Amino acid sequence: MFSFKREFDFTGYSFIVPSVSVGNVPQLAVDVVIETLQLEPAGQVWHPALIPIVGPAAFEHEPSASITTSAELYASEERKLLVLQIRAPLVGALQKQFFELLADFVRDRKLARVFLLSSCFSHEKFDIRTGPFRYVSNEPYNQSDAAARLEDGQRWIKHAGGVIHGGGYALKLQEALTSRGVATLVFFMYVSEGDNTAEGLMLARMLHAVSGEQLLPVQADQVDVRVPKSWKHLYGTGHPRALY
């Protein structure tokens, strides 16, 4: 299932995983993390549940001759960070096996915690007085030092709905990780479909804050991020003037 470019010791690493959900906001946030930190391409993930895709290099720091596939791993030994980027939906009938194997990998390679990014339909947000960010943490995460960051109720709130509408497989994967005793935080925001690049940047910045791990660089008290070159092609070219 995993093909690494070289050998890594992932003991104690944090693992960021996006759930394919509304507006593709989690994948956009992961793009921001990979590009900003210039993460090393660590390997690829292969499984029948992954719909195959291929494309050119997605990031400025990758060699122009490299290709992009459905699921890739990026790592930083300095920051003890592993990131999975998934660029296609999972085949429904094969999801469970994929989650089980991914959860086994996290447990067996002794990663410290998992941050699962997701998004939810904005019309499911009924409390207009609160911000757009919510979280679901399991018991192992609540017992860790990282849980102290969850007390910032002005920026994010514990999700009490039980279902993340439009949130993809986030809660199912968290369930598989919880059964293996892995500290897992599902972190999501309410969004609407459209140009969601702004939400992707916001989710990346809030992940930096909620993780407490200084994931992204900070300049003059502001989180400094880079936009991937692949974002130039998200929505194609502008409308031809001749149409009007």
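Up top is the structure.
First, a word on scope: everything that follows refers to the structure included in this document.

Thresholds, definitions, all that
Residues numbered from 1 in each chain as written. Predicted model: local features only at pLDDT ≥ 70, side-chain atom pairs only at ≥ 80, totals over all residues. Heavy atoms only, no water. Axes fitted to C-alpha atoms, helices over the stretch in contact; angles between N-to-C directions. Helix = DSSP H or I, 4+ residues; strand = E, 2+ residues; numbered from the N terminus. Parallel < 35°, antiparallel > 145°, perpendicular 65-115°, else oblique. Left-handed = near helix turned anticlockwise from the far one by under 90°. Contact = heavy atoms within 4.5 Å. Nonpolar A, V, L, I, M, F, W, Y, C, P; charged D, E, K, R; others polar. Expected span 1.5 Å × (residues − 1). Buried < 20%, exposed > 50% of the residue type's maximum accessible area, 1.4 Å probe, protein only. Arc of directions from axis to C-beta. Pairing = 2+ DSSP bridges. Salt bridge = Lys/Arg side-chain N within 4 Å of Asp/Glu carboxyl O.

Quick word on the packing of helix α2 (residues 95-108) against helix α4 (residues 170-178)
- At a closest axis distance of 9 Å, the pairing of α2 and α4 adopts a crossing angle of 45°. The angle between the axes of α2 and α4 places the two elements in the oblique class. For the pair α2 and α4, the sense of crossing is right-handed. Only Lys172, Leu173, Ala176 and Leu177 of α4 make contact with α2, whose side of the interface consists of Gln95, Phe99, Glu100, Leu102, Ala103 and Val106.
- Among the residues forming the contact of α2 with α4, the class breakdown is seven nonpolar, one polar and two charged.

A few points about the packing of helix α1 (residues 25-37) against helix α5 (residues 197-211)
- At a minimum axis separation of 8 Å, α1 and α5 run at an interaxial angle of 60°. Here α1 is positioned oblique relative to α5, judged by the angle of their axes. Handedness of the α1/α5 crossing: right-handed. In this structure, α1 contributes Val25, Pro26, Leu28, Ala29, Val32 and Val33 to the contact, and α5 contributes Thr197, Glu199, Gly200, Leu201, Leu203 and Ala204.
- Of the residues that constitute the contact of α1 with α5, the class distribution is nine nonpolar, two polar and one charged.

What to know about α2
- For α2, spanning 14 residues, the distance from its first C-alpha to its last is 20 Å, which sits close to the expected 20 Å at 1.5 Å a residue.
- Taken as a whole, α2 has its buried residues at Gln95, Phe98, Phe99, Leu102, Ala103, Phe105 and Val106. Down the axis of α2, the buried side of the element spans an arc of 155°, and every buried residue falls inside it.
- Taken together, the buried residues of α2 touch β1 (2-4), β2 (14-18), β3 (40-45), β7 (81-86), β8 (113-121) and α4.

Some details on unusual backbone geometry
- Here lysine 80, not a glycine, exhibits a phi torsion of approximately 55°, which is positive.
- Within the fold, lysine 80 resides in the loop between β6 (71-76) and β7.
- Judged by its relative accessible area of 38%, lysine 80 falls in the partly exposed class.

Section: the sheet that holds β1
- Spatial ordering of the open sheet is given by β1-β3-β6-β7-β2-β8-β11-β9-β10, a layout of nine strands whose pairing is mixed. The open sheet has two edge strands with one neighbour each: β1 and β10 (156-158). Each strand axis lies, on average, 25° off the axis of its neighbour in the sheet, ignoring direction.
- Note that β2 and β7 share three bridges and pair parallel. Residue phenylalanine 15 lies in a different strand from β7, and its bridge partner there is leucine 82.
- The strands touched by α5 within the sheet are β2, β8, β9 (133-137), β10 and β11 (183-191), with β11 carrying the most contacts at an inclination of about 145°.

Some details on the pattern of salt bridges
- The tally for this structure, following the rule as stated, stands at eleven salt bridges.
- When the shortest N-O distance is used, the salt bridge between arginine 87 and glutamate 72 registers 2.8 Å. Of this pair, arginine 87 sits in the loop between β7 and α2 while glutamate 72 sits in strand β6, placing them 15 residues apart in sequence.
- For the salt bridge of arginine 129 with aspartate 127, the shortest nitrogen-to-oxygen distance reads 3.3 Å.
- Within the structure, one salt-bridge network assembled from shared partners comprises Lys96, Glu100, Asp104, Arg107, Asp108 and Arg180.

Observations concerning the pairing of β7
- Of all six residues in β7, six are buried; the element is thus mostly enclosed.
- Of the two faces of β7, the one carrying Leu81, Val83 and Gln85 and the one carrying Leu82, Leu84 and Ile86 are both buried.
- By the bridge criterion, six bridges tie β6 to β7 in an arrangement that is antiparallel. When the sheet's bridge partners are listed, alanine 75 is paired in β7 with leucine 82.
- Once β6 ends, the chain turns through four residues before running back antiparallel as β7, passing lysine 80 with a positive phi of about 55°.

As for the pairing of β6
- Within β6, six of the six residues are buried, which leaves the element mostly enclosed by the surrounding structure.
- Neither face of β6 is open: one carries Ala71, Leu73 and Ala75, the other Glu72, Tyr74 and Ser76, and all of them are buried.
- Here β3 pairs with β6 via four bridges, running antiparallel. Looking across to β6, one finds that proline 41 is bridged to tyrosine 74.

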